[in-house]
Amino acid sequence: MGKIIFYENRNFGGRTHECISDCFELLAMFDHCHSVRVESGLFMVYDKPGFTGNQYFMRTGEYPDFTGMTGMNPCIRSCRAIPAVSVYFRIPIIQFNQTHENLLLAL
């Protein structure tokens, strides 16, 4: 599970709000957000409540001037955690001998 922290001011100052899952409405927590720290996981943030409006994908890292970097307005109103997906692929390795008579398949 991921964790994202929203800061009211640039360079991680002011009031904060932490989310570890989907947040449908962030307006009650703060008026504006100028910096963000994603401690773990992946998140999609939106400038309108209910996961609507302009969106921005955020991965683990620090965003000290989120609004200047993305061009989004300082009104993050909702965020959604993106679940990690683990996929395992099996790739067959096909090998031909020099005479191309026998086909060997290694799994």
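Residues numbered from 1 in each chain as written. Predicted model: local features only at pLDDT ≥ 70, side-chain atom pairs only at ≥ 80, totals over all residues. Heavy atoms only, no water.

Going by the annotation in an unreviewed UniProt entry, the name recorded for the chain is Crystallin, gamma M7, with Oryzias sinensis given as the source organism. The UniProt entry for the chain carries the following text under Sequence similarities (unreviewed entry): "Belongs to the beta/gamma-crystallin family." (UniProt positions renumbered as here; feature names shortened; annotations may be inferred.)

Here we take up the UniProt feature "domain: Beta/gamma crystallin 'Greek key'" (unreviewed entry) in the chain. In the numbering adopted here, UniProt assigns the feature "domain: Beta/gamma crystallin 'Greek key'" (unreviewed entry) to residues 2–40 and 41–83. When the span residues 2–40 is considered, its composition is 0% helix and 51% strand, and the gap between its end C-alpha atoms is 5 Å. (Helix = DSSP H or I, 4+ residues; strand = E, 2+ residues; numbered from the N terminus.)

Two side chains carrying opposite charge are able to pair once their charged atoms lie near each other. Under the defined criterion, the tally for this structure stands at six salt bridges. Salt-bridge contacts for Lys3 lead to Glu18; the nearest nitrogen and oxygen are separated by 3.4 Å. Residue Lys3 is found in strand 1 (residues 3–9), and its partner Glu18 is found in strand 2 (residues 13–19); the two are separated by 15 residues along the sequence. Glu18 sits in the partly exposed class, given a relative accessible area of 45%. Among the ionic pairs, Arg10 bridges to Asp65, the shortest N-O distance being 3.1 Å. With a gap of 55 residues between them, Arg10 in the loop between strand 1 and strand 2 and Asp65 in the loop between strand 6 (61–63) and helix 1 (66–70) connect regions that are remote in the sequence. Arg10 sits in the partly exposed class, given a relative accessible area of 44%. Here Asp65 falls in the partly exposed class, since its relative accessible area comes to 33%. Several salt bridges converge on common partners, so that one network encompasses Lys3, Glu18 and Glu39. (Salt bridge = Lys/Arg side-chain N within 4 Å of Asp/Glu carboxyl O. Buried < 20%, exposed > 50% of the residue type's maximum accessible area, 1.4 Å probe, protein only.)

For Asp47, the position within the fold is in strand 4 (residues 42–48). Notably, Asp47 is buried but unbridged: the nearest opposite-charge side chain belongs to Lys48, and the N-O separation is 5.7 Å. In this structure the side chain of Asp47 is engaged in a polar contact, spanning 2.8 Å, whose partner is the backbone nitrogen of Asn54. (Lys, Arg positive; Asp, Glu negative; His and termini not counted. Polar contact = N/O pair within 3.5 Å; in protein donor to acceptor, adjacent residues only side chain to side chain.)

This next bit is on the state of the cysteines. This model, assessed by the stated rule, comprises one disulfide. What pairs with Cys19 in a disulfide is Cys23, and their sulfur atoms sit 2.4 Å apart. The S-S bond linking Cys19 to Cys23 shows a torsion near -125°; that makes this disulfide left-handed. On the basis of relative accessibility, which here comes to 14%, the residue Cys23 falls in the buried class. For the unlinked cysteine Cys79, the closest cysteine sulfur is that of Cys19, found at 4.0 Å. (Disulfide = S-S within 2.5 Å.)

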